[in-house]
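# Coordinates in review
Residues per chain, in single letters:
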Amino acid sequence: MLNRLTSRGARRRLLMVVAAAAVLIIFAYGWSVTDINLNRPQEPLRQQNVGNALRELLSPNIFQQDYTIINATTPILMDCPADGSAPAPAEPTGGDEPHIVVIPACAHSGEIVTVQGYNFYPDSLARINWIATDGERRIRQVVGTSNDNFVTNTDGTFTVEIEVPRIRGTSGQTHTVEAQGRFPAGLPRFSDTTGLVLEKMIETIFLALIATSLSILPSAILSFFAAHNLMRPVRMSLGSLLVGFALLPVGWLLGTEVLGRIGTLAVNLGKGAGFNLGAVGALSSLFLFAAVTSSRAQASNISLNSDHLREIASKLLLAVVVVATIGLLGGLGILFGGLFTEGLLRYLSNFIGSLGQLVELAILPIAGITGAFAVSSAGMSLALNGLKKLHGAPAHLLGGVLGAICGAILMGMVASIGMQAAWLGLLPPVAAASLASGILPALYRRFVPQPARPTAAGRSIQTALSWVGIIAALVGTAAVLNVDRAVIAGTLPSTRSSVSLPGLTLYPYITQAMLIGAVLGGLSAALAGTKATFPLGEILYNTTRTILNALRSIEPLIMGLVFVIWVGIGPFAGVLALTLHSIASLGKLYSEQIENIDSGPIEALQSTGANRLQTIMYAVVPQIIPPYIAFTMYRWDINVRMSTIIGFVGGGGVGFLLQQQINLLRYRDAGVAVLAIAIVVSVLDYASASIRERVM
Amino acid sequence: MLIIENLTKIYENGFKALSNINLEIPEGQFVAIIGLSGSGKSTLLRCINRLIDPTEGRIIWRGLDITSATDDELRQIRRRIGMIFQQFNLVKRSSVITNVMSGRLGYINPLFSLVNYVPRVEHERALAALERVGIAEKAYQRASSLSGGQQQRVGIARALMQNPELMLADEPVASLDPATSHSVMKYLELLNKEDGITILCSLHFLSLARAYADRVIALKDGRLEFDGPPEQIDNERFRQIYGEDAVEVEIH
């Protein structure tokens, strides 16, 4: 026993030593890969350079002082007379004007004379000029230095030696020695750099603010789909789901055609001067009607045969009203956008006008989506009773037909995405694999007699079969669609031969994918039958999470590069990049908050007969508001940091300026930008921390 | 009449929480469900309003098959079945009145909920419900500021908003002290006697069951162990239900 214990201890120690050695080697490799070199920092030139750069960075060019130059002159006789009647050197006048004295008062070319100055500005720059009879100023450097300028003493005096310039034929002339001193003019003020940095800093803060606020709504909506506790219980009968899914394209077509027209009409109505209050009245009464018809009767007895036709009519009506309202508001926005061109209202007018334009641009997609959802939900409630009565073989047959249609639609959509870029071509095989994953296990369950309670062996056989199906579908689809060629050579599928339908072009690539989808989807759904439950929530959850994670892994700087190509250099590109990244990041953070909430109220509200939307509004939303506020503040804080550097790729803000200053080696100006960033970031850091503390 | 036929629930991990339960509960009864922790009391209650989907069997209430109801039908059934919980399940950050009004959501147009609009009459109804459980003065306080007993009364008021004909109570007093327990049980008794609401209440303490219930159902390992009036539970029955080592504790 003891022996075994010690041997185990020894093994453990040996393992620890080996592990430590491995870690050391890995670390050493990293040391050399990152090119760590201890000699370079010691080179004197480099040390001097970094010293200068740091010195300038730490002397930010925040303030600026304007100067005037004041001249003081004194005459000097060239070549002292031979009779020795050299003029006596002038005495300091003793007044408070700046003046100079040259000693001696006469000198030969090339001689050294002393210049004394009085009443100059203390500790500031001055220089000595020699003015000969030709009137030209010759800068005389102080003997022993190579600077044109020197610095005056603290009491405003100076004593410097200069060399008399060697000019021919000047003997007997009287030249002038001039001292130019710098005197401050006016009070110190903020430098132009400071002004520029401030302007860019405001741009930066607003860039972060706009990006954060734009991301709140999309990420809040996405967060519900990315919360496992909310999505796991969402299940649907396969039959309903297939009916709904098959109707989506029909609804989209109807939506863009019919609702789109209504929406465009509403936009024009809103834009047009002929707009009157009657339209608002008509729409609001329509809205009321839809609301009333869709409300459930407050009858005391439970009616299980609810009036489907009325329900469907109210759903379609609601879709019309929604699109018309959005369109009308958009049109009104455009109308308002043209109203003010001056004053503060100009900003508001411009903003609302942009929103209106956005609606005008997006009215067809909005109509399409609304139509798709309305038609599919109407179809689902219409099919509900029929599907409920369906049992046995017909259920499987119908499942097969619907599954084939839905599989074809799904693969068609995925394939049209897959056509856009070579590596997106990997998506159709993945989609086909997920369609196929259930086929073999379902066949196994159907044709091999099953024990009453599932056994572990049965389960692992089904898992293995599922993987066989997945791999077969993956490889098969990849082979049919030539994915290998796309991935290796980067070539896109051929678009040469195509069949054109109204509003839809079918390339062979897409039709092949649709065929595969029809076969796999048909088989899966036929085996499962319309009665099977489909874990819709689980699928939505996984899809949302995957997309969010993929988006989050792309740095905003890289997104910025792409958006700069799209919308040009400037803060707009930065806003788009930060918004996209914030949506992914906030979506994840928000959804984790939802997963942390108390599930009791959800259960309680479900038990009262509240529907899903009501449960979320009354049981989930009150619980998540404080953490949502906290995380939004936190994200704004991060976005301000990010927006200070998004300018490095052309995304606007203070980073753009900083990059220019660094490239021009203007480190004193760069120092201002760095200081501004440090101040803003730390203030926001503190503010967001204290707000977070207060709401949590 | 609530009829439970061959009800069986097997969880996904293979645990059999209920096996082949058959019950008939006439209108207006006060039924206590007793049993050890894990005996299937909560699962049974949650199968009745399908917060948990049963694996096998049928539940028929007033001729409606709850087990085969579609989502929409289920919501219509659920709004007539009130439920209160051991942990009260209130939204702690919301006001008491909001919590109570949320019991009425099954009757309110879902579109109204998007803009957080509640009709005036429902507001009045909520105040009346709070009045009934004796805490109308707390209506505008946060639910978290109330004591346990008061929170459970808010839970009852919320269930009252549904105009329930059946009330499921899942260990309603297990988190409360004895005195508060009795006050909450008294309100349930009141609903049973005055409004004629059928009550299914799971309880830990047999003494509470003896004090309030017309009928006691005992579960043991998911099986029906006893079904009858409380007086019939003698020491021998008690040991059958709770195990050989159990001693009955009185709660006053």
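Each value, and the rule that gives it
Within each chain, residue numbers correspond to sequence positions counted from 1 in written order. To read the labels, note that chains go from A and ligands from 1, taken in the order they are written. Given that the model is predicted, a residue must reach a pLDDT of at least 70 before its local features are reported, and side-chain atom pairs must reach 80 or more before they are shown or counted; all residues, however, enter totals for whole chains, interfaces and linings. Values shown for side chains rest on all heavy atoms present in the structure; no hydrogens or waters enter the calculation. Numbering goes from the N terminus for both helices and strands, where a helix is a DSSP run of H or I of at least four residues and a strand is a run of E of at least two. Both definitions apply: the radius of gyration is a C-alpha atom measure, and the globule rule equals 2.2 Å times residues to the power 0.38. Residue burial is assigned from relative accessible area. The probe radius is 1.4 Å, only protein chains are included, and a residue is buried under 20% of its type maximum, exposed over 50%, and partly exposed in between. Only the protein chains shown count as cover for residues, and all accessible areas are computed by the Shrake-Rupley method using a 1.4 Å probe. What makes two strands pair is DSSP finding at least two bridges between them. When the strands point away from the viewer and the connection leading from the first strand across the helix to the second strand turns clockwise, the crossover is called right-handed. The disulfide definition used here is simple: a pair of cysteine sulfur atoms within 2.5 Å. Source of the domain bounds: an automatic or database domain assignment. To obtain each axis, a line is fitted to C-alpha atoms, and for helices this fit is confined to the stretch in contact; angles are then taken between N-to-C directions over 0 to 180 degrees. Note on contacts: a residue pair qualifies if any of its non-hydrogen atoms lie within 4.5 Å across the two residues. What gets called buried area is simply the loss in accessible area from a 1.4 Å probe that two parts show on being joined, summed for both.

## Considering the overall build of chain A
- Counting secondary structure elements, chain A contains 21 helices and 13 strands.
- What you see for chain A is a C-alpha radius of gyration of 40 Å, clearly larger than the 26 Å of a compact globule of 696 residues, by over 25%.
- In terms of principal-axis extent, the alpha carbons of chain A reach across some 140 × 95 × 60 Å.
- Scored against the burial criterion, the 696 residues of chain A give a buried share of 38%.
- Accessible surface computed for chain A: about 38500 Å², of which carbon and sulfur atoms make up 67%.

## Some details on the pairing of strand β8 (residues 198–202) of chain B
All names here are of chain B.
- Judged by how many residues are buried, β8 sits mostly within the fold: 5 of 5 residues are covered.
- Here β8 shows no split at all, with Thr-198, Leu-200 and Ser-202 on one side and Ile-199 and Cys-201 on the other all buried.
- Pairing of strand β7 (residues 166–170) with β8 involves 5 bridges; the strand directions are parallel. Residue pairing in the sheet places Asp-170 in a bridge with Ser-202 of β8.
- Following the chain from β7 across helix α7 (residues 178–194) to the adjacent parallel β8, one finds a crossover that is right-handed.

## Observations regarding the state of the cysteines
- By the definition in use, this model includes 1 disulfide over all chains.
- One disulfide in the model links A:Cys80 with A:Cys106; its S-S distance is 1.8 Å. On the sign convention where negative is left-handed, the bridge of A:Cys80 and A:Cys106, at about 95 degrees about the S-S bond, is right-handed. Note that A:Cys80 is positioned in the loop between β1 (63–78) and β2 (99–103) and A:Cys106 in strand β3 (residues 106–107), a separation of 26 residues in sequence.
- Looking at A:Cys80, the relative accessible area reads 28%, which means it is partly exposed.
- Of the residues examined, A:Cys106 reaches a relative accessible area of 2% and is grouped as buried.
- No disulfide involves B:Cys47; its sulfur sits 18 Å from the nearest other cysteine sulfur, which is in B:Cys201.

## Examining the domain arrangement of chain A
- Taken domain by domain, chain A holds domain 1 (2–36), domain 2 (65–190), domain 3 (193–228 + 546–696), domain 4 (239–296 + 308–388) and domain 5 (390–534).
- A straight line from the C-alpha centre of domain 2 of chain A to that of domain 3 of chain A covers 62 Å.

## Some points on the sheet that holds β8(B)
All names here are of chain B.
- The 6 strands lie next to each other as β6-β7-β8-β3-β9-β10, forming an open sheet whose pairing is mixed. Every interior strand has two partners, whereas the edge strands, β6 (81–84) and β10 (223–228), have only one. Between one strand axis and the next, the sheet turns through 15 degrees on average, direction left out of account.
- The sheet contact formed by strand β3 (residues 30–34) and strand β9 (residues 215–220) spans 4 bridges and is parallel. When the bridges of β9 are listed, Val-31 appears paired with Arg-215.
- Helix-sheet contacts for α7 involve β3, β6, β7 and β8, and the interaxial angle to β8 is about 155 degrees.

## Focus: the domain arrangement of chain B
Residues and elements named next belong to chain B.
- As far as domains go, chain B holds domain 1 (1–80 + 165–186 + 197–247) and domain 2 (94–163).
- Its C-alpha centre places domain 1 at a distance of 26 Å from the equivalent point of domain 2.
- Counting residues at the interface gives 9 residues for domain 1, matched by 9 residues for domain 2.
- Taken together, both faces of the contact between domain 1 and domain 2 bury some 870 Å²; the carbon and sulfur share is 60%.
- Ranking the residues of domain 1 by area buried against domain 2 places Arg-79, Met-167 and Val-184 at the top, with a combined share of 53%.

## A look at unusual backbone geometry
- In this chain, A:Ile103 is followed by A:Pro104 through a cis amide linkage whose omega measures -5 degrees.
- When you line up the elements, A:Pro104 lands in the loop between β2 and β3.
- A positive phi angle, near 60 degrees, is found at A:Asn119, a position not held by glycine.
- Considering the arrangement of structural elements, one finds A:Asn119 in the loop between β4 (112–118) and β5 (125–131).
- Phi is positive for B:Asn6, close to 50 degrees, though the residue is something other than glycine.
- Among the secondary structure elements, B:Asn6 is positioned in strand β1 (residues 2–10).
- Of the residues examined, B:Asn6 reaches a relative accessible area of 42% and is grouped as partly exposed.

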